[in-house]
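Here are the chains, one letter per residue:
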Amino acid sequence: MVSRVIPVDPFDLVIFGGTGDLARRKILPALFRRFCAGQMEDNSRIIGAARADMDDAGYRDFVREAIAEFNTGPATCEAGTVDGFLERVGYVAVDAMGEDGWEELGRRMRDRNVVQAFYFSVGPSLFGALAERLHAHGMAGEGTRIVVEKPFGRDEASARALNATLAEHFDESQIYRIDHYLGKETVQNLMAVRFGNMLFEPLWNSQYVDHIQITVAETVGVGGRGEYYDKSGAMRDMMQNHLMQLLCLIAMEPPAKFDPDAVRDEKLKVIRALDPVEPQDIVRGQYTGGDGQPDYRTQVENPDSRTESFVALKARISNWRWAGTPFYLRTGKRLRAKVSEIAVVFKETPHSIFTEDAGRHRNILTIRLQPNEGMDLGVTIKEPGPGGMRLVDVPLDMTFADALGPDAEDVPDAYERLIMDVIRGNQTLFMRGDEVVAAWAWTDPIIAAWEERGEAPKPYDSGSSGPEDALALLHHDGRRWRDIRV
Ligand SMILES: NC(=O)C1=CN([C@@H]2O[C@H](COP(=O)(O)OP(=O)(O)OC[C@H]3O[C@@H](n4cnc5c(N)ncnc54)[C@H](OP(=O)(O)O)[C@@H]3O)[C@@H](O)[C@H]2O)C=CC1
Ligand SMILES: O=C1O[C@H](COP(=O)(O)O)[C@@H](O)[C@H](O)[C@H]1O
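Please read these numbers as outputs of a predicted model, since none were measured by experiment. (Residues numbered from 1 in each chain as written. Chains lettered and ligands numbered in written order. Predicted model: local features only at pLDDT ≥ 70, side-chain atom pairs only at ≥ 80, totals over all residues. Heavy atoms only, no water.)

Draft legend 1. Region of interest: the sheet that holds strand 5 (residues 145-148). One open sheet accounts for 6 strands, arranged 3-2-1-4-5-6; its pairing is parallel. A single partner strand is all that each edge strand has here, and the edge strands are strand 3 (89-93) and strand 6 (175-177). Between one strand and the next, the sheet's axes are offset by a mean angle of 20°, whatever the strand orientation. The pairing of strand 2 (residues 45-50) with strand 3 spans 5 bridges and is classified as parallel. Paired with Ile 47 across the strands is Gly 90, a residue of strand 3. Strands in contact with helix 2 (residues 56-70) are strand 2 and strand 3; relative to strand 3, the strand with the most contacts, it is inclined by about 120°. Lying on the sheet, helix 14 (residues 414-424) is in contact with strand 1 (11-16), strand 4 (115-120), strand 5 and strand 6; it crosses strand 4 at an angle near 135°. (Pairing = 2+ DSSP bridges. Helix = DSSP H or I, 4+ residues; strand = E, 2+ residues; numbered from the N terminus. Axes fitted to C-alpha atoms, helices over the stretch in contact; angles between N-to-C directions. Contact = heavy atoms within 4.5 Å.)

Draft legend 2. Structural context of the pattern of salt bridges. One pass over the full model with this rule turns up 43 salt bridges. Linking Arg 482 and Glu 341 is a salt bridge whose minimum nitrogen-to-oxygen distance equals 2.6 Å. Taken as a pair, Arg 482 in the segment after helix 16 (468-475) and Glu 341 in strand 11 (residues 339-346) lie far apart in primary sequence, 141 residues in all. Note that Glu 455 and Arg 453 form a salt bridge whose closest N and O atoms lie 2.8 Å from each other. On the accessibility criterion, Glu 455 (34% relative accessible area) is partly exposed. Among the ionic contacts, a cluster of salt bridges with common partners joins Asp 261, Arg 264, Asp 265, Arg 432 and Asp 434. (Salt bridge = Lys/Arg side-chain N within 4 Å of Asp/Glu carboxyl O. Buried < 20%, exposed > 50% of the residue type's maximum accessible area, 1.4 Å probe, protein only.)

Draft legend 3. Spatial organisation of the site of ligand 1. Not every one of the 23 residues close to ligand 1 is listed here, only the nearest: Thr 19, Asp 21, Arg 25, Ala 96 and Val 122. Within the side chain of Thr 19, a nitrogen or oxygen atom sits 2.6 Å from an oxygen atom of ligand 1. One of the side-chain nitrogen or oxygen atoms of Arg 51 is found 2.8 Å away from an oxygen atom of ligand 1. Look at ligand 1: alone it shows 890 Å² of surface, and the protein chains cover 78% of it. Considering each element in turn, the shell around ligand 1 owes the most residues, 3 residues, to helix 1 (residues 21-36). Each residue belonging to the shell around ligand 1 can be placed in one class, and the counts come to 10 nonpolar, 6 polar and 7 charged. (Near = heavy atom within 4 Å. Polar contact = N/O pair within 3.5 Å; in protein donor to acceptor, adjacent residues only side chain to side chain. Areas by Shrake-Rupley, 256 points an atom, 1.4 Å probe, with all protein chains shown as cover. Nonpolar A, V, L, I, M, F, W, Y, C, P; charged D, E, K, R; others polar.)

Draft legend 4. Highlighting the packing of aromatic side chains. In this structure the tally under the stated criterion is 16 aromatic pairs. For the pair Phe 16 and Trp 102, a centre-to-centre distance of 5.6 Å together with 40° between the ring planes defines the contact as tilted. Of this pair, Phe 16 sits in strand 1 while Trp 102 is found in helix 4 (residues 102-109), placing the two residues 86 residues apart along the sequence. Overall, the relative accessible area of 3% leaves Phe 16 in the buried class. For Trp 102, a relative accessible area of 0% gives the class buried. For the ring pair Tyr 176 and Phe 430, a centre distance of 5.0 Å and an interplane angle of 80° mean the geometry is edge-to-face. One end of the pair, Tyr 176, is in strand 6; the other, Phe 430, is in the loop between helix 14 and helix 15 (433-453), with 254 residues separating them in the sequence. (Phe/Tyr/Trp six-rings, centres within 6.5 Å; stacked < 30°, edge-to-face > 60°.)

Draft legend 5. Main features of the site of ligand 2. In the neighbourhood of ligand 2, the contacting residues comprise Lys 150, His 180, Tyr 181, Lys 184, Glu 218, Arg 225, Asp 237, Met 238, His 242, Lys 333, Lys 338 and Gln 370. Between ligand 2 and Arg 225 there is a distance of 3.2 Å, counted from an oxygen atom to a side-chain nitrogen or oxygen. Within the side chain of Lys 338, an N or O atom sits 2.9 Å from an oxygen atom of ligand 2. In isolation ligand 2 exposes 400 Å². Once the protein is present, 84% of that is buried. If one sorts the elements of the shell around ligand 2 by residue count, helix 9 (residues 233-251) sits on top with 3 residues. The class makeup of the residues in the shell around ligand 2 is 2 nonpolar, 3 polar and 7 charged.

Draft legend 6. Summary view of the UniProt feature "binding site: substrate" (unreviewed entry) in the chain. The sites that carry the UniProt feature "binding site: substrate" (unreviewed entry) are, in the present numbering, His 180, Lys 184, Glu 218, Asp 237, Lys 333 and Lys 338. On the secondary structure map, Lys 184 appears in the loop between strand 6 and helix 7 (185-196). By relative accessible area, Lys 184 is classed as buried at 15%. Setting aside anything within four residues of it in sequence, one finds Lys 184 in contact with Gln 370 and Ala 414. One can find Glu 218 in the loop between strand 7 (209-217) and helix 8 (226-230). The class of Glu 218 is buried, set by a relative accessible area of 13%. Non-local contacts of Glu 218, meaning those with residues more than four positions away in its chain, are made with Met 238, Gly 332, Lys 333, Arg 334, Leu 335, Ala 337 and Lys 338. In terms of polar contacts, Glu 218 uses its side chain to reach the side chain of Lys 333, at 2.9 Å. (UniProt positions renumbered as here; feature names shortened; annotations may be inferred.)

Draft legend 7. Expanded view of a negative patch on the surface. Residues Asp 53, Asp 55, Asp 61 and Glu 65 make up a contiguous surface patch of negative charge. With respect to the element layout, Glu 65 can be found in helix 2. Residue classification places Glu 65 among the exposed positions, given a relative accessible area of 56%. (Patch = residues over 30% accessible without salt bridge, like charges linked within 9 Å, V, L, I, M, F, W, Y side chains within 5 Å. Lys, Arg positive; Asp, Glu negative; His and termini not counted. Charge placed at Lys NZ, Arg CZ, Asp CG, Glu CD.)

Draft legend 8. The pairing of strand 11, seen in detail. Taken across its 8 residues, strand 11 has 8 buried, putting it largely inside the fold. Alternating residues of strand 11 divide into Val 339, Glu 341, Ala 343 and Val 345 and Ser 340, Ile 342, Val 344 and Phe 346, and every residue in both groups is buried.

Draft legend 9. Focus on the packing of helix 7 against helix 9. Orientation of helix 7 relative to helix 9, taken along the N-to-C sense of each, is 10°, at an axis distance of 9 Å. One finds that helix 7 runs roughly parallel with respect to helix 9. For the pair helix 7 and helix 9, contact is made by Val 187, Leu 190, Met 191 and Arg 194 and by Leu 246, Leu 249, Ile 250 and Ala 251, respectively. Among the residues forming the contact of helix 7 with helix 9, the class breakdown is 7 nonpolar, no polar and 1 charged. (Parallel < 35°, antiparallel > 145°, perpendicular 65-115°, else oblique.)

Draft legend 10. Structural context of the environment of Glu 132. Along the polypeptide, Glu 132 turns up in helix 5 (residues 127-136). For Glu 132, a relative accessible area of 39% corresponds to the partly exposed category. Linking Glu 132 and Thr 165, residues 33 residues apart in sequence, is a C-alpha distance of 8.2 Å. The residues touching Glu 132, leaving out its near neighbours within four places in the chain, are Thr 165 and His 169.

Here it is, written out as structure tokens:
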């Protein structure tokens, strides 16, 4: 199978925060890989922007180093190609909060008949200021797009306020709110599997599905982002956005068509149908030290921190399709393995024709986001050999790399795909303003209740599966979490 790369229209992409961690590790390598794949026309340009005093040549050196350190792309990128990419790279020193650099940026962007996009890869307190200045300096024209990084607010009120500020200068159709989980290959495959096959949709409801588990487990700790993370925690950092988006895609009704607003309307209905979460249905955790790694509090330099690095909860969706089917969601740092997966656990057959020795069995559809992207469907069959009818569960395995060959290894990473979608003007994989607000409206009371109770998170060992209480969350319901393992 040969994958087709369709070049995007020529573009100028300005990366505010072009010298920051995200630009270095993700955005610049992603652009380089799209260049290597032949998706960037000659006339396209990338302009880094930050306060640091640097010229074009200095920034090209910075980008060269970022690519050398963080490009994990396919071998098709020849070493010499980096120079070709760097010819398209420039830099303007700009202060989001002042007047420095804006005229020069405006001059560089003027009279360019290409798509113009501005990536806000700076701290969230600067998002509004950037929008205002782009407008004031004549760079917020009709065709302009802005890409807004997370976090999009820290509660419903601040998300609404940010929406309103951006809306003063940009139409909703120009605003691309990034959730990089939506750019992951398997996440999109989830829609293909649900809505491109007859097989699953008739069973996709509470009549046949016992429960659904969504796990996003990381092995890393908070790293150098302690200052940000300690004010956020797992609930704001991961649950309100990434896990919520996965929940929406799993639970939503089929959209009438695969277009941005049709998909986002259906996701919004799911969020609005979520019940409030009861205190007994949620567990927070914080990692202790181990394996030569510091504990959470040491890492964030806050000995009294009550911020959670782990959260597990039971969510319920009050609609016809899902009434009675719980959704168990968990995410955390410093866990046993880096695993992101969704498991749809079907009910047992209503009656077993086999003896008790055969045991009770369930089909489980597992959608693996990372690693080993793919899906498998656990099917019950007869255990081979003599000795009566014993049943065993085996996976019908579709690991993409096996099923699709080398093409599956060349799939663009989330940032590559999402940035190209910005240039194409396709908002399907970006969050709409009302979605973000609705997600906060569900999250806020959960956080407010913790704060009111002054509850400390439960400690858990680094390298474990999270606090014991999280296991109990499912045990109480006669269920168990899937193992966190690769
Ligand atoms: N890093 C990550 O893994 C992730 C980051 N994000 C989000 O991406 C955004 C950027 O994060 P990250 O790269 O880690 O942050 P960093 O602190 O590493 O970088 C911040 C960038 O913003 C620039 N900057 C700061 N103040 C100004 C200003 N007044 N005017 C213009 N530029 C300014 C800095 O350069 P200078 O100081 O020279 O101006 C620097 O380039 C944040 O919103 C973050 O939440 C989201 C997901 C993951
Ligand atoms: O947005 C974020 O995501 C990363 C996890 O992303 P992944 O693609 O590596 O699964 C997380 O580490 C970070 O805290 C969060 O801000």
